[in-house]
Amino acid sequence: MPVNNKKLNLKDKYQYLTRDMAWEPSYQKKEDIFPNESFEGIKITDWSQWEDPFRLTMDAYWKYQAEKEKKLYAIFDAFAQNNGHQNISDARYVNALKLFLSGVSPLEHAAYQGYARVGRDFSGAGARVACQMQAIDELRHSQTQQHAMSHYNKHFNGLHDAAHMHDRVWFLSVPKSFFDDARTAGPFEFLTAISFSFEYVLTNLLFVPFMSGAAYNGDMATVTFGFSAQSDEARHMTLGLEVIKFILEQHEDNVPIVQRWIDKWFWRGFRLLSLVGMMMDYMLPNKVMSWAEAWEVYYEQNGGALFKDLERYGIRPPKYQDIANDAKHHVSHQAWSTFYQYGHATNFHTWMPEKDELDWLSQKYPDTFDKYYRARFEHWTKEHTEGRRFYNNTLPQLCQVCQIPTIFTEKDDPTMLSHRQIEHEGERFHFCSDGCCDIFKDEPEKYVQAWLPVHQIYQGNCDGGDVETVVSKYYHINIGQDNFEYIGSPDHQRWLSIKGKQPDAKAGGANQDAA
């Protein structure tokens, strides 16, 4: 008698646990079950062509992730028990963690929500399974990032209410609006925005600097999280490339739609990464590389090879790529200048670079730093030394799309602010660049609804009309402890105590006086 083989081979097992879990509807129309699949204009002719290069099933996924969790949390426990915070390079590094915890970790949770939703929007079983697994990955990353950094909350200020701050603090509207924009788009645009443009094209510019920065500055808890998430990120990047190729191969009419999305999300991602550039060049006591070097390696070289590969589908490089490539010499300096001025309204400390750091910046940016920025920073240092630390008490004009203050400059003239404005239905809207202005023109009905923090403060919608009340009551930032100048701050005093040093008498009370 024939004997049935009870053990399935890997190919059959993958088929049974993914594709064969789908079914054809009998009493409802497919377009009624998946109404969002077609409204963007994307045409899918054959979902069976979707390829999952990892062929991962849920039972293997849980086993694999559980093993990583055991190792990860063992290291977290050891880090806490051995007071690992005492081994970091300098307490200034903790401010990079504050930026990450309030600006990046909530994006992981937003990505989890986004993938959970768009997985429901696809009629193809392969895409649904891929989105389900990535949704779980993103939720895990959100949780493990918070756990990795929670130990610092016991010893330093400003890490206490990251989720609340993410929804309210003025500069955190930049990352928040990025993912809100993606999650309110259609399912295919969401995948183009997050899986391709962010995860595949730009993720190394976010992930590598933060994790390498942690390693260079002695933060082994964050480094370990990075290693634990690395295999997940490899899957996400592979999915991003598979997504874009699948859409382009399905129908030629998809090409112009995808090109428009690539132009949009490249620019939105580039603007978001200005926060990362600032962190790399100014917030890490031990530098990894400059932002300009990172951009050259991870975008100009890697991204250039990617778009050369996509030429056969009719895809060209992003529209404003040349402006982004030129801005690598300026963006971090312009961003840090702004945060230094508004250090009284952030959840982290700011400071001016020391002489050796200024020399490092001069070396890394030989054509721009000394010419445009060094004199300004040396002037602010002198003012601070003489008791006149500069704070800007006005509120800046924000871009209607990326929500960054209009602080960046023209490509051909770094002394001229880049500013665009248009009128739409009787109202005037302002932008930081042609890239953001083009995005608005394509979907004005979406971006007129943007919740701009500065506008909301002036309208009295943030628990007060003055900056101090907004910062303390609405942002939940402890004035003088979580923010202002680093020198003389409680974090600085605590770090000197850890290292057995006496605080500088000239620095004492700097934040309290400013507050």
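All of these numbers come straight from a predicted model, not from anything done at the bench.

Novice: Looking at this structure, I do not really get helix 8 (residues 173-183). What am I missing?
Specialist: Residues spaced three or four apart along an α-helix point in a common direction, a consequence of the helix completing one turn every 3.6 residues. Among the eleven residues in helix 8, eight count as buried, and that is most of the element. Those residues of helix 8 that fall on the buried side of the exposure criterion are Ser-173, Val-174, Pro-175, Ser-177, Phe-178, Phe-179, Asp-181 and Ala-182.

Novice: Is there a simple way to explain the pattern of salt bridges in this structure?
Specialist: Close approach of charged atoms allows side chains of opposite charge to pair. For the structure shown, the criterion picks out 40 salt bridges. A salt bridge links Asp-232 to Arg-140, with the nearest nitrogen and oxygen atoms 3.1 Å apart. Taken as a pair, Asp-232 in helix 10 (residues 220-250) and Arg-140 in helix 6 (residues 125-149) lie far apart in primary sequence, 92 residues in all. Like Asp-232, the residue Arg-140 is buried in the burial classification. Ionic contacts of the salt-bridge type, sharing partners, join the residues Lys-68, Glu-69, Asp-137, Arg-140, Asp-232 and Arg-235 into one network.

Novice: Please explain the side chain of Lys-264 as it appears in this structure.
Specialist: Following the sequence through the fold, Lys-264 ends up in helix 11 (residues 254-272). Relative accessible area serves as the criterion here: at 8%, Lys-264 is assigned to the buried category. Here Lys-264 is in contact with Asp-181, Glu-189, Ile-439, Glu-443, Lys-446 and Tyr-447, once residues within four sequence places are set aside.

Novice: Would you mind showing me how to read the pairing of strand 2 (residues 413-417) here?
Specialist: Two faces make up the sheet, and in a regular strand the side chains alternate between them. For strand 1 (residues 409-410) and strand 2, the ladder comprises two bridges, and the chain directions are antiparallel. Of the residues in strand 2, the one forming a bridge with Glu-410 is Asp-413. Count of turn residues in the strand 1/strand 2 antiparallel hairpin: two residues.

Novice: It is not clear to me how the packing of helix 5 (residues 105-121) against helix 8 should be interpreted in this structure. Could you clarify?
Specialist: A pair of packed helices is characterised by two quantities: the angle between their axes and the separation of those axes. Where helix 5 contacts helix 8, the two axes come as close as 10 Å, and the packing angle between them is 0°. Between helix 5 and helix 8, the angle is such that the two are roughly parallel. When helix 5 is examined against helix 8, the residues Leu-107, Ala-110, Ala-111, Gln-113, Gly-114 and Arg-117 are found in contact with a partner set consisting of Pro-175, Lys-176, Phe-179 and Arg-183. Partitioning the contact of helix 5 with helix 8 into residue classes produces five nonpolar, two polar and three charged.

Definitions and cut-offs
- Residues numbered from 1 in each chain as written.
- Predicted model: local features only at pLDDT ≥ 70, side-chain atom pairs only at ≥ 80, totals over all residues.
- Heavy atoms only, no water.
- Buried < 20%, exposed > 50% of the residue type's maximum accessible area, 1.4 Å probe, protein only.
- Helix = DSSP H or I, 4+ residues; strand = E, 2+ residues; numbered from the N terminus.
- Salt bridge = Lys/Arg side-chain N within 4 Å of Asp/Glu carboxyl O.
- Contact = heavy atoms within 4.5 Å.
- Pairing = 2+ DSSP bridges.
- Axes fitted to C-alpha atoms, helices over the stretch in contact; angles between N-to-C directions.
- Parallel < 35°, antiparallel > 145°, perpendicular 65-115°, else oblique.
- Nonpolar A, V, L, I, M, F, W, Y, C, P; charged D, E, K, R; others polar.

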